[in-house]
Amino acid sequence: MTTKPELLIAAGTPEEAKRYVEAGADAIVVGEHRFGLRLPGEITVSELEKLAPWLRERGVKLYAAVNNLFSNEQLEELQAYLKELHRLQVDALVFGDPAVLIAAREAAPGIGLHWNAEMTSTNYATAKYWGTKGATRMVLARELNLEETLEIKRLLPDMEVQVQVHGITNIYHSKRSLLTNYNNHQGQSRVLTSDEVLKACVDQGLFLIEQERQNERYPVYEDMNGTHIMSSDDICMLDSLHELMEGGIDSLKIESLLKPVAYNETVLRSYRRAIDAYTADPAGYAFDESLLDAIRELQDPRRELSYGFFFKEQVY
């Protein structure tokens, strides 16, 4: 029997986290907007007081996203936050800024460190460098193809490797409040809070559309960390998941951002069944098309399910 990869998803509320575990998740990412980027919601330290033990009782890993880019003014509150996460026995921190690693040495000694530099996590040598600094996992850039992904895993035998296998991806981030500024320019009488802008973006379905490719709709939303432009399609590696499992990938992430909870639950159940079926009998594994059909039934018809860059070469 082969080793099962972890099935990971981010949750925006304690209730979402519990529903995702019941749907098959092995690990949950949580966070607060002041410390983490592109979170589906906020789960505070006080809410983690109850959620963390509930997850531990069920053998589910708990990770905290602290992948923001920090200013000098934020470092003191970052240290205090990491101390609380350590007290609550959070399993690992997802980070990109070295400030997190430095703060964790004092505030959360021994905690797992998952290095995620977004689109620049593209080679094994840099990952090995962060491994010497304490990182235990590399979160791969979504721009890598399958061959590059599996090569990195082969060259990192002592480090876990995580890839995104489903959902929307980020293609642009500005720390400026571009949508608020636009609304103000258009004569918006009241300055909206970051939460109000985010809700408006999601509810109204705001998109960036290029003149040359008007069929491509890039969702745009804003929160307290700035403005985010997202991909026009959704990654879906379900029918090729066995290739990642054959290559020993340790963690498979479902991106929950900008998706209904019911959709994410369906995705989790399909990936859970595929992972379990392959793990039980790799040699006899055959993909069950009904697992993909269940996702297609809930998929936004304006958003194509694609393989992302897994089966095509990125052109820089």
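Fair warning: this is a prediction, and the values are worked out from it, not measured in the lab. (Residues numbered from 1 in each chain as written. Predicted model: local features only at pLDDT ≥ 70, side-chain atom pairs only at ≥ 80, totals over all residues. Heavy atoms only, no water.)

With that settled, the discussion passes to empty space enclosed by the protein. Left-over empty space is what a probe sized like a water molecule reveals as it rolls over the atoms. Using the criterion set out here, one finds two cavities of 30 Å³ or more in the structure. Roughly 340 Å³ of internal volume is contained in the largest cavity. Secondary structure elements with two or more residues in the lining of the largest cavity: β1 (6-10) and β7 (160-167). Split into classes, the residues belonging to the lining of the largest cavity amount to 14 nonpolar, six polar and five charged. Taken as a whole, the second largest cavity encloses approximately 50 Å³ of empty space. Considering the residues around the second largest cavity, the lining is formed by Leu140, Ala141, Arg142, Leu144, Thr149, Val163, Gln164 and Phe310. Looking at side-chain class alone, the lining of the second largest cavity contains five nonpolar, two polar and one charged residues. (1 Å grid on protein atoms, 1.4 Å probe; cavity = no way out; pocket = protein on both sides within 12 Å on 5 of 7 lines; lining within 4 Å. Points joined across faces, edges and corners; volume = space filled by probe spheres on them. Helix = DSSP H or I, 4+ residues; strand = E, 2+ residues; numbered from the N terminus. Nonpolar A, V, L, I, M, F, W, Y, C, P; charged D, E, K, R; others polar.)

The subject of this paragraph is the packing of aromatic side chains. Taken as a whole and assessed by the stated rule, the structure comprises seven aromatic pairs. Ring geometry for phenylalanine 35 and phenylalanine 70: centres 6.4 Å apart, planes at 40°, overall tilted. In this pair, phenylalanine 35 is assigned in the loop between β2 (27-30) and α2 (45-57) and phenylalanine 70 in the loop between β3 (61-65) and α3 (75-87), connecting sequence segments 35 residues apart. A residue is classified by how much of its surface remains accessible, and phenylalanine 35, at 0% relative accessible area, is buried. Here the aromatic cluster, defined as three or more aromatic residues joined through ring pairs, consists of Phe95, Trp115, Tyr129 and Trp130. (Phe/Tyr/Trp six-rings, centres within 6.5 Å; stacked < 30°, edge-to-face > 60°. Buried < 20%, exposed > 50% of the residue type's maximum accessible area, 1.4 Å probe, protein only.)

It is worth spelling out unusual backbone geometry at this point. With a phi angle near 50°, arginine 38 is a residue other than glycine that sits in the positive phi range. Summarising the element assignment, arginine 38 is placed in the loop between β2 and α2. Backbone geometry at leucine 258 places phi at a positive 60°, although glycine is not the residue there. When you line up the elements, leucine 258 lands in the loop between β13 (251-254) and α10 (261-280).

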